[in-house]
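Geometric and topological summary
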Protein chains: 2
Amino acid sequence: MKKRIITISREYGSGGRLVGSLVAEKLGVAFYDKALVKHVADETGFHEKYIEQQGEYAPTKSLFGFAMTAKGSAGAMNGLSANDYLWITQSDVITQLAEKEPCVIVGRCADYILRDRDDVFNVFIHAPYTARAKRIREEYGDQTENAQALLEDKDKKRKVYYKHYTGREWGRFQNYDLALNTETIGLERCVDIICGIVK
Amino acid sequence: MKKRIITISREYGSGGRLVGSLVAEKLGVAFYDKALVKHVADETGFHEKYIEQQGEYAPTKSLFGFAMTAKGSAGAMNGLSANDYLWITQSDVITQLAEKEPCVIVGRCADYILRDRDDVFNVFIHAPYTARAKRIREEYGDQTENAQALLEDKDKKRKVYYKHYTGREWGRFQNYDLALNTETIGLERCVDIICGIVK
């Protein structure tokens, strides 16, 4: 079965998003990262910033203020918590996008949401702390003194979110067709490997 | 740093050993699987069959009978259990082989044993139960009725062994540079990907 959809799960700072965008460019297919957030914002009325933070990470603060901005107010959420409402909408959007066209989707548990399709190729991108710390300094201009603590916190929140909504362990190799360490393999070769497989 | 040594960790029945041997052939380097067992047998005096079983799997029966066949008897084992003695000898053999020549080493926690070298490339090979069950029937002629139970048991014993001797979780992607699902990627392409990276 030809693979039409590529999902990219990634550790924060591993370069996974960049790999995903380059794969999409090389294959000439749609790339859903920020564009996915925009779709979900249109559907829910939530702020894009909120979706970026809460659509992949375990929550860290009260969501009350955000919830009230949801489209159609609390009524549309049908008694669901803001996070559950966001999860459901996000899942619907991802399902529809996968149906519509070949694409690369970064994060947001897309590997799990699309698990019943047989045209999906699931990739996990990771790198050691040192390489990721260097990357977030250079690429994102992050000046955090304790980069490892920041990265551990990000990983942990993604892991908790993933576990909560999917019941699976985040980063367990069995859930992925391919897992790549960008430090030892190199970003460009990672792109070539993925494209070579799905082409 | 050029990668001289490739370690292959694998789920039972995933085709990992075959991938390893084809990679070694293609790169023209030594392949250590049975040959490694032979080296360890020469060093310890243990039966090759015993090393195959106990050098990667958590023990399932009394080892007393085997232990008594060890070279130089219990004296050479210096008060160690047969399994600990085997682990130490196996680690020494792997360390020496890696020092001696470029090679592919299958299993036996080589990824952990060689963790302080920077010329090692660690690969994990896996596949879903259905594909592995099919493979052990076709390749090994295994007629087990409940193949999934057999595979789960094998995985569990490797996992326990690995955890006991390395303190690490077996199959955690952070320990590997590359993880490949042979069912979705195909054995030949797996070989090409590994050779392409380390060449």
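Scope of this entry: the structure provided in the associated data block.

Quick word on unusual backbone geometry
Within the chain, A:Cys109 stands out as a residue other than glycine whose phi angle is a positive 60°. For A:Cys109, the location among the structural elements is in the loop between β3 (103-106) and α7 (110-113). Despite not being glycine, B:Arg108 shows a phi value in the positive range, around 60°. Mapped onto the secondary structure, B:Arg108 falls in the loop between β3 (103-106) and α7 (110-113). By relative accessible area, B:Arg108 is classed as buried at 5%.

Points about the interface of chain A and chain B
Taken together, the contact between chain A and chain B spans 22 residues of the former and 22 residues of the latter. A buried area of about 1,800 Å², summed over both sides, lies between chain A and chain B, and 57% of it is on carbon and sulfur atoms. Counting across the interface, chain A meets chain B through 9 residue pairs in polar contact (both at pLDDT 80 or more). Residue assignment for the side of chain A that touches chain B shows that the elements contributing at least two residues are β4 (120-126), β5 (178-181), α10 (182-185) and α11 (187-198) of chain A. Among the residues making up the side of chain A that touches chain B, the classes are represented as 10 nonpolar, 6 polar and 6 charged.

Brief notes about the sheet that holds β3(A)
With respect to topology, 10 strands assemble into an open sheet ordered β2(A)-β3(A)-β1(A)-β4(A)-β5(A)-β5(B)-β4(B)-β1(B)-β3(B)-β2(B), the strand pairing being mixed. Edge strands, defined here as strands with exactly one partner in the open sheet, are β2 (30-32) of chain A together with β2 (30-32) of chain B. Ignoring strand direction, the axes of neighbouring strands in this sheet form an average angle of 20°. One ladder, built from 4 bridges, connects strand β4 (residues 120-126) of chain B with strand β5 (residues 178-181) of chain B; its direction is parallel.

With respect to the pattern of salt bridges
Residue and element names in this part refer to chain A. For the coordinates displayed, the defined rule picks out 26 salt bridges over all chains. Between Lys26 and Asp192 there is a salt bridge, with the nearest N and O atoms lying 2.4 Å from each other. With Lys26 in helix α1 (residues 16-27) and Asp192 in helix α11, this pair connects stretches of sequence that are 166 residues apart. On the basis of relative accessibility, which here comes to 40%, the residue Asp192 falls in the partly exposed class.

Topic: helix α9 (residues 147-166) of chain B
Residues and elements named next belong to chain B. Taking 1.5 Å of rise per residue, 20 residues should cover 28 Å, and α9 covers 28 Å from first to last C-alpha, within 8% of that figure. Of the positions making up α9, those classed as buried are Ala147, Leu151, Asp155, Arg158, Tyr161, Tyr162, Tyr165 and Thr166. When α9 is viewed along its axis, its buried side chains cluster within an angular range of 130° and face the same direction. Facing away from the buried side of α9, by more than 90 degrees, are the exposed residues Lys156 and His164. Lining the buried residues of α9 we find β1 (5-10), α3 (48-54), α6 (82-100), α7 and α8 (129-138). Where α9 terminates, the next one or two residues include Gly167, which has phi positive at roughly 75°.

Side note on the state of the cysteines
Residues and elements named next belong to chain B. Applying the stated criterion to the full structure yields 0 disulfides over all chains. For the unlinked cysteine Cys103, the closest cysteine sulfur is that of Cys195, found at 14 Å. Given the relative accessible area of 0%, Cys103 is considered buried. Cysteine Cys195 is unpaired, with the sulfur of Cys190 as its nearest cysteine sulfur at 11 Å. Take Cys195: its relative accessible area is 1%, and that puts it in the buried class.

Structural notes on the relation of the copies chain A and chain B
Once turned by 180° and shifted 0.0 Å along the axis, chain A lies on chain B with an RMSD of 0.0 Å. The transformation relating the two chain copies, once decomposed into turn and shift, fits a two-fold axis. Considering only C-alpha atoms, the part of chain A nearest the rotation axis is A:Ala179, at 2.4 Å. In this assembly the copies share their binding face: 100% of the residues contributing to the interface of chain A also contribute to that of chain B.

Parameters at a glance
Starting afresh in each chain, residues are numbered from 1 along the sequence in its written order. Ligands are numbered from 1 and chains lettered from A, in the order in which they are written. Only residues with pLDDT of 70 or above have their local features reported here, since the model is predicted, and side-chain atom pairs are shown and tallied only from 80 upward, although totals for entire chains, interfaces and linings are computed over all residues. Side-chain metrics rest on all non-hydrogen atoms present in the structure, leaving aside hydrogens and water. What counts as a helix is a DSSP run of H or I of at least four residues, what counts as a strand is a run of E of at least two, and both are numbered from the N terminus. For every residue, the accessible area (1.4 Å probe, protein chains only) is compared with the maximum for its type, and the residue is labelled buried under 20%, exposed over 50%, or partly exposed between those bounds. The contact rule is simple, with two residues in contact once any of their heavy atoms fall within 4.5 Å. When two components associate, each loses some accessible surface as probed by a 1.4 Å sphere; the sum of these losses over both components is called the buried area. Each polar contact in these results corresponds to two N or O atoms within 3.5 Å; when the atoms are within protein, one needs to be able to donate a hydrogen and the other to accept it, and residues that are neighboring in sequence are counted only if both atoms are side-chain atoms. Basically, the charged four are Asp, Glu, Lys and Arg, the nonpolar ten are Ala, Val, Leu, Ile, Met, Phe, Trp, Tyr, Cys and Pro, and anything else, Gly included, counts as polar. Paired strands, in this sense, are two strands between which DSSP finds at least two bridges. The convention used is that axes are lines fitted to C-alpha atoms, helices contributing only their stretch in contact, and that angles between N-to-C directions extend from 0 to 180 degrees. Salt bridges, as used here, are contacts in which a Lys or Arg side-chain nitrogen is within 4 Å of a carboxyl oxygen on Asp or Glu. Multiplying 1.5 Å by the residue count of a helix minus one yields the expected span of that helix. Taken from the helix axis, the directions to the C-beta atoms give the arc we talk about. Our working definition of a disulfide is a cysteine sulfur pair at a distance within 2.5 Å. Superposing the copies works by least squares over the C-alpha atoms of residues that have pLDDT at least 70 in both of them.

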